[in-house]
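A structural walkthrough
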Amino acid sequence: RRDQVANSQDATSVKRLPSVAVPDETSWCLIPRRSKPLTLPGLNVPAITGVCCALMLSVPFAQTSSEVEHVVEQMRGMSMTIQGAGRMTEREGKRRAITKHLHDLGPAAIFALARVLRDSDVQMRQNAALVLSSLGGGYEEVTKPPLDTRAALPALIDALTDDDRDVRAWAADAIGWMGSGAEPAIAAFVKVLRDPYEGARNNACIALGRIGPAAREALPVLREALNDPSHDVRRFAAVAIQRIAGK
């Protein structure tokens, strides 16, 4: 009898607990304010509260994921190459808006772009590499400050063997902005130095130079590149050797 009364009193006290609304997207959920953990016979309230909190925290992430996928899809059917200086066209305005939006979304955008590097549409793969380069390099006003794009490194390394030469070249450029963080790409760059496309070879040399002394295994191939038919490749190879070997 006493247990029943006590349980009834506890249940009543629960009903009278003040509640506070969780701000923003999770305002639909109310959490009781209580100084001590609430315990009811046969009911693990702390565990339930933990589950509720986990669900609340997942809401913004789910919304961000949906948003970033929507923004990425806006690149489909258009080129994300930068328009010439001083030219503001409708496409360039859209390109900048998409790039800025992805920059504002931060890490979620990096993961989404990494997935797009495996898209069946070659233009989407090109766009993903271009935007990752811009986000990591921060060389556009809309991508300052630069973002840490290393989460996309495995996908970018795979892209160095893409059938499309522009994807390969722009992937190498995107990796180059990671500096010493691109060390896992060294072996792949050694192969890119023999790529038939000059743009890919150029960007591989630049990236290896930015990696620095850790890229010593690439020195033999870089020295071979000093005899490359392209003047730019020879020049970038010489700079890379200097940065890696210190001479």
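So, here's what we can say about the structure. (Residues numbered from 1 in each chain as written. Predicted model: local features only at pLDDT ≥ 70, side-chain atom pairs only at ≥ 80, totals over all residues. Heavy atoms only, no water.)

**So, the environment of Val 221**
Looking at where Val 221 falls in the secondary structure, it is placed in helix α10 (residues 219-224). As a C-alpha pair, Val 221 and Arg 194 span 27 residues in sequence and 8.5 Å in three-dimensional space. If sequence neighbours within four positions are ignored, Val 221 has contacts with Val 190, Leu 193 and Arg 194. (Helix = DSSP H or I, 4+ residues; strand = E, 2+ residues; numbered from the N terminus. Contact = heavy atoms within 4.5 Å.)

**As for the side chain of Gln 83**
On the secondary structure map, Gln 83 appears in the loop between α2 (45-73) and α3 (90-105). Take Gln 83: its relative accessible area is 16%, and that puts it in the buried class. Polar contacts involving the side chain of Gln 83 include one to the side chain of Thr 89, which spans 3.5 Å. Residues within four places of Gln 83 in sequence aside, it is in contact with Thr 89, Arg 91 and Glu 92. (Buried < 20%, exposed > 50% of the residue type's maximum accessible area, 1.4 Å probe, protein only. Polar contact = N/O pair within 3.5 Å; in protein donor to acceptor, adjacent residues only side chain to side chain.)

**Looking at the packing of aromatic side chains**
As enumerated under the stated definition, the model contains 1 aromatic pair in all. Where Tyr 139 meets Trp 177, the ring centres are 5.7 Å apart and the plane angle is 40°; that geometry is what we call tilted. Of this pair, Tyr 139 sits in the loop between α5 (122-137) and α6 (153-159) while Trp 177 sits in the loop between α7 (165-176) and α8 (186-192), and the two are 38 residues apart along the sequence. Note on Trp 177: relative accessible area 32%, which makes it partly exposed. The aromatic ring of Trp 177 is capped on one face by Arg 210, whose charged end is 4.1 Å from the ring centroid. (Phe/Tyr/Trp six-rings, centres within 6.5 Å; stacked < 30°, edge-to-face > 60°. Lys NZ or Arg CZ within 6 Å of the ring centre and 35° of its normal.)

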